[in-house]
Amino acid sequence: MEAAIKKSNHGANVRRWREWRNINQDVLAEQIGVSQATLSSYEKKEKLEQDVLDKVAKALDIPVEAITELEQGTAINIISSTLHDNSGSIFNSPTFNPLDKVVQLYDEKIALYERMLKEKEEAISLLHEVLRDKK
């Protein structure tokens, strides 16, 4: 029985991760302390030296294994945990107190009811005057 050999191209994986992070070659090259041309040559190599892998992984904020273990043609699926900042949580902290909103709505309805009641009282008062004038 033959063991499956992983076909991992370090240079291509560096390019994939760089593009996924939306970083151009100039920026990444500067971050790892090489020229753009040198980075371009790294991205064409099948295997990279460990020190280069370490620098690139650190600059891209990924584990080295993301470069060395990613097989050719494999999709990159990123699952980002946003629980530390609540940005993706449905149980986030609102910027207002929900109870204050309820009280505000209640106050607005009371004010509307009081205006309607006052208008009704004025209409009844006007009708009483008309009836008095008719007698």
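Use the structure listed above.
Conventions we followed
- Residues numbered from 1 in each chain as written.
- Predicted model: local features only at pLDDT ≥ 70, side-chain atom pairs only at ≥ 80, totals over all residues.
- Heavy atoms only, no water.
- Phe/Tyr/Trp six-rings, centres within 6.5 Å; stacked < 30°, edge-to-face > 60°.
- Helix = DSSP H or I, 4+ residues; strand = E, 2+ residues; numbered from the N terminus.
- Buried < 20%, exposed > 50% of the residue type's maximum accessible area, 1.4 Å probe, protein only.
- Contact = heavy atoms within 4.5 Å.
- Salt bridge = Lys/Arg side-chain N within 4 Å of Asp/Glu carboxyl O.
- Axes fitted to C-alpha atoms, helices over the stretch in contact; angles between N-to-C directions.
- Parallel < 35°, antiparallel > 145°, perpendicular 65-115°, else oblique.
- Left-handed = near helix turned anticlockwise from the far one by under 90°.
- Nonpolar A, V, L, I, M, F, W, Y, C, P; charged D, E, K, R; others polar.
- Core = buried A, V, L, I, M, F, W, Y, C linked by side-chain atoms within 4.5 Å.

Draft legend 1. Quick look at the packing of aromatic side chains. This structure, assessed with the given rule, holds one aromatic pair. Note on Trp17 and Trp20: the rings are 6.0 Å apart at their centroids and 75 degrees apart in plane angle, and the pair reads as edge-to-face. One end of the pair, Trp17, and the other, Trp20, are both in helix 1 (residues 10-20), three residues apart, so they sit about a helical turn from each other. Given the relative accessible area of 8%, Trp17 is considered buried.

Draft legend 2. The side chain of His10, seen in detail. Counting through the fold element by element, His10 comes out in helix 1. His10 sits in the buried class, given a relative accessible area of 7%. Beyond its immediate sequence surroundings of up to four residues, His10 is in contact with Lys45, Glu46, Lys47, Leu48, Leu53, Ile67 and Thr68.

Draft legend 3. Spotlight on the pattern of salt bridges. If you walk through the whole model with that rule in mind, you get two salt bridges. The closest approach of N and O atoms between Arg15 and Glu19, which form a salt bridge, is 3.7 Å. Taken together, the residues span about one helical turn, with Arg15 and Glu19 both in helix 1 at a distance of four residues. With relative accessibility at 32%, the residue Arg15 sits in the partly exposed group. Using a relative accessible area of 47% as the deciding quantity, one classes Glu19 as partly exposed.

Draft legend 4. Quick peek at the packing of helix 2 (residues 25-32) against helix 4 (residues 50-60). With their axes 9 Å apart at the nearest point, helix 2 and helix 4 run at an angle of 120 degrees to one another. The angle between helix 2 and helix 4 falls in the class oblique. For the pair helix 2 and helix 4, the sense of crossing is right-handed. Every residue of helix 4 that contacts helix 2 at Leu28, Gln31 and Ile32 is listed here: Lys55, Val56, Ala59 and Leu60. Per-class residue counts for the contact of helix 2 with helix 4 are five nonpolar, one polar and one charged.

Draft legend 5. Structural detail: the nonpolar core. Counting 19 residues, the largest nonpolar core has Trp17, Leu28, Val56, Leu60, Ile62 and Ile67 as its most contacted members. Sorting the residues of this core by element identifies helix 1, helix 2, helix 3 (36-42), helix 4 and helix 5 (65-68) as the ones contributing at least two each. Dropping the residues within four chain positions of it, Leu28 is found in contact with Val14, Arg18, Ile23, Leu39, Ala59 and Leu60.

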